[in-house]
Amino acid sequence: MAKEPADGETGPEKAPSPPEKQRRSSPGESGGLAAGSGETGPPAVGERETPPGGAIGEPDGATPAAPGSRGDEGRDRQGRDPDDRHDRDQRSDDRRERDQRSDDRYDRDRRGDDRYERDRRGGDPDDRYDRDRWNDDGYGRDRRDGGRYERGRRSDDRYDRDRRDDDGYGRDRRYDDRYDRAPRFDDADVKGFQPGPPTTPAGAPGPPRRRRFRRFRLAAWIALVLAAVVVGVSIAWVNGPPTEAELREKAGLLNKDRLLIGVKEDTPGIALREPGGTGFTGFDIDIAYMIAADLGFRPDQVDFLAIETEDRARMQARDTDGTFVKVDLVVATFSVTPERRADPSVGFSTPYLYTEQSVVTRADYPDDNVASLGQLEGRKVCSLGTSTSLAELRKAIKTDPIAELLISKCVDRLADGVPSDRAAEAVTTDAALLAGFVAQPERKLRHHDIALEKTEMWAVNAGSNRALRTLVDLALYRSYADPGNKMWEEAYEKHIRPLLAANPGVDVAQAQQPCALPPDVRRWPWERTLPVRDCPSAP
C-alpha cells in the first residue's frame, strides 16, 4: 500500500492534477490558501498556470482528463494540450503568417526582378510590368522601332538617304573628278576628322566618285543643251522677223488718228462716190474698211480720197478742193504686173480679187459676139491710160486707142448711134469695172467675154512702207484663213453678185478670195495662229 505523503509534500509518482497545478490563488487571498480547502499554493516554478474555468479549451468545472490518456501524452511531450482549440488556432495563424511571409518574400523577389528588367529596358521602374512589356515601354519601342537595318534597306531609311541624297557623308567624301585629288572635307562639318582612304567592299557598286561624275556629266550636257536653246531663241528673237506690235511702230501707226486711203470714185459696184459727195460705196470700199479695222482704225477714222489711174503708183490723191494729198494706202482696182512690182515706189500686197479683161459695146453693135481684141481692129476703142488693158489693146488693133483717166469717160463715149470725133465704139478694161455700167439699163450696153488667158489680180499698194504692207498682208491672211471672218464674202455678195445677172456669160470676178499666205510675222507658239490653207485658185 502506498505511502501517503505528508502535508506539503508531493509524491514523486503522482503529479499534481492540472486543476491544482494551474489554479491560482484568489485575489482576496494572501500568501497561501485556507487550511482544509484542498487547494495547493502557487504553482511551482516551470509549471503552467491554468486559466480560470479549467483546462484550455474546456468549460468551467469540466473534469480533467484521466492520467495516461492522449491529452496527458501530449502535455508531457509538448507542454500543451494538442486538443486545445486555442493552441490549434494559434498554430494555424502561425502557419498562415509563415506562408504570408514566404509569399511576401516571393513577391518582393518578383518585384525586384521586375525592377531589374525595367531598369535594363530603360522603362519606368514604378510602372507596371505588363504595361512596360506590351504597351509604350522602352522594351517594346526598342523592338518595334529599332529595326534600323531593315529600314535602311527601304527607300525612306536614314542609311539610304545618307548614301543617295546630298548627305553630309556624301559631301565630306566626294572627290574632285577632274584632277582625281584626295577627298575634300568641309572644315565646318567635320572638324578634326581625318578620314582614311575610301574602300569599296567586294561586290559593292563602284565608288561614289564615278556615280557623281556620271551625274555631273549628264547635268553638264543638259545645261549645254539648254544654253544652246536659249542662245538660239535669243538670236532668232533679235534677228528674226518683227512682231505685230513692232510692225505697227515701224509703220507709223501708233500715234496716227486718221487713215487716208485712195480709191476710185466713178465705178458702180466697185467704188462710187455717193450722190452729194457724202461718202463712197462699193466692193473696194468694204475691203478698205476691213483692212483699216485690222490695223486698229474705226470706220469714222478712215478718210477716202479719189485717185486717178496714173496717180496710183505715186499714191497721190485729190482732196475735195482738188489738192493732192499723200495717202497711206491705195485700194483702187490696181492690177499687179511685173513692171509695177519692179517700181520701188510700189508695194503690192497679196491680191484681194481676181478678174479678167473684157469688152463693152453698144447694144446695137453689128457684131453680136466679140470674142477677141483682134475683132476690134479699125474700130475706135477707149481704155484707161497707163492700164494693163491699154497695153493689150495696142498689141491687138495695131492703132492708137483712146486713153482716158476715168473709165466713166470711156463709157460716156459710147454714143447711141451718133458718130462723132469723141465717140467710141467699144471700151475694154477689167470686167469688174465694166459690169456696173452694163447693169445700168438706161445705158443699153452689151458685155463681151474675150479670149484672154491673163488673170487680172487687184492688190493694195502700200508704197515704200514695208511694215504697213506686211500688216495689210496679215489682214488679208486673217480674212482668208479665219472661217469666222466673213467680211470679204459679205462685200462680194453685197456689191458684185447683183451684177452677174446683167452680165451673162462674163466672168466678172471670182467669188472666192484669192489665196493669202501668212506673212513673216513673229508669233509665240502659245499665241493664236490660223491654219495655212492651200492655194488652188492661185494663177
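Residues numbered from 1 in each chain as written. Predicted model: local features only at pLDDT ≥ 70, side-chain atom pairs only at ≥ 80, totals over all residues. Heavy atoms only, no water.

Asker: Just to check I follow, could you spell out the overall build of the chain for this structure?
Answerer: Within the chain, the secondary structure is distributed over 18 helices and 15 strands. When burial is assessed residue by residue, the chain has 34% of its 539 residues classed as buried. By sequence separation, contacts in the chain at least 24 residues apart represent 64% of the contacts at least 6 residues apart. Accessible area for the chain stands at about 33600 Å²; split by element, carbon and sulfur atoms hold 50% of it. (Helix = DSSP H or I, 4+ residues; strand = E, 2+ residues; numbered from the N terminus. Buried < 20%, exposed > 50% of the residue type's maximum accessible area, 1.4 Å probe, protein only. Contact = heavy atoms within 4.5 Å. Areas by Shrake-Rupley, 256 points an atom, 1.4 Å probe, with all protein chains shown as cover.)

Asker: In this structure, what is going on with a positive patch on the surface? I would like to understand it.
Answerer: Where like charges cluster on the molecular surface, the positive patch consists of Arg210, Arg214, Arg215 and Arg217. For arginine 215, the position within the fold is in helix H9 (residues 208–239). In this structure arginine 215 comes out as partly exposed when scored by relative accessible area, which is 48%. (Patch = residues over 30% accessible without salt bridge, like charges linked within 9 Å, V, L, I, M, F, W, Y side chains within 5 Å. Salt bridge = Lys/Arg side-chain N within 4 Å of Asp/Glu carboxyl O. Lys, Arg positive; Asp, Glu negative; His and termini not counted. Charge placed at Lys NZ, Arg CZ, Asp CG, Glu CD.)

Asker: Help me understand the pairing of strand E15 (residues 456–461) in this model?
Answerer: Here is the key point about a regular strand: its side chains alternate between the two faces of the sheet. The buried fraction of E15 is high, at six of six residues. Sheet topology note: the strand E8 (residues 329–335)/E15 ladder contains three bridges and is antiparallel. Residue pairing in the sheet places valine 330 in a bridge with asparagine 461 of E15. (Pairing = 2+ DSSP bridges.)

Asker: Whenever I open this one, the nonpolar core confuses me. Can you help?
Answerer: Nonpolar side chains in soluble globular proteins tend to be buried together. Counting 59 residues, the largest nonpolar core has Ile261, Phe283, Ile291, Leu295, Leu329 and Tyr352 as its most contacted members. Here the element with the most residues in this core is helix H11 (residues 283–295); it accounts for eight residues. When residues no more than four places from it in sequence are discounted, the contact partners of tyrosine 352 are Phe283, Asp284, Ile287, Val331, Ala332, Thr333, Trp458, Ala459, Val460, Leu476, Trp488 and Pro514. Among the nonpolar cores identified, the runner-up in size contains 10 residues, and Val359, Tyr365, Leu376 and Leu393 belong to it. (Core = buried A, V, L, I, M, F, W, Y, C linked by side-chain atoms within 4.5 Å.)

Asker: Help me out: how do you make sense of the pairing of strand E5 (residues 302–306) in this one?
Answerer: Most of E5 sits inside the fold, with four of its five residues counted as buried. Pairing geometry for strand E1 (residues 259–263) and E5, over five bridges, is parallel. Note that in E5 the partner of leucine 259 across the bridge is valine 302.

Asker: Which parts of the structure should I look at to understand the packing of aromatic side chains?
Answerer: The geometry of an aromatic ring pair is captured by two quantities: the separation of the ring centres and the angle between the planes. One pass over the structure, following the stated rule, counts six aromatic pairs. Ring centres of tryptophan 488 and tyrosine 492 lie 5.7 Å apart, and the angle between their planes is 15°; this geometry places the pair in the stacked category. With tryptophan 488 and tyrosine 492 both in helix H17 (residues 487–495) and four residues apart, the pair spans about one turn of that helix. You'll find tryptophan 488 and tyrosine 492 in the same group, each marked buried. (Phe/Tyr/Trp six-rings, centres within 6.5 Å; stacked < 30°, edge-to-face > 60°.)

Asker: Would you explain the sheet that holds strand E11 (residues 381–384) in this entry?
Answerer: Each strand in a sheet pairs with another by means of backbone hydrogen bonds, the pair being arranged parallel or else antiparallel. Pairing is mixed across the open sheet formed by five strands, whose spatial order is E12-E11-E13-E10-E14. Among the strands making up the open sheet, the edge pair consists of strand E12 (402–404) and strand E14 (445–449). The mean angle between the axes of side-by-side strands here comes to 30°, regardless of whether they run parallel or antiparallel. Examined bridge by bridge, E11 and strand E13 (residues 426–430) share two bridges and lie parallel to one another. Bridge pairing links cysteine 382 to valine 427 in E13. Packing of helix H15 (residues 431–438) onto the sheet brings it into contact with strand E10 (357–362), E11, E13 and E14, and relative to E13 it is tilted by some 130°. (Axes fitted to C-alpha atoms, helices over the stretch in contact; angles between N-to-C directions.)

Asker: Can you help me understand the side chain of histidine 447 in this one?
Answerer: For histidine 447, the position within the fold is in strand E14. Within polar-contact distance, the side chain of histidine 447 engages the side chain of serine 358 at 2.6 Å. There is a polar contact of 2.6 Å between the side chain of histidine 447 and the side chain of asparagine 503. Once residues within four sequence positions are removed from consideration, histidine 447 is found in contact with Ser358, Val359, Val360, Ala431, Leu434, Ala435, Val438, Asn503 and Val506. (Polar contact = N/O pair within 3.5 Å; in protein donor to acceptor, adjacent residues only side chain to side chain.)

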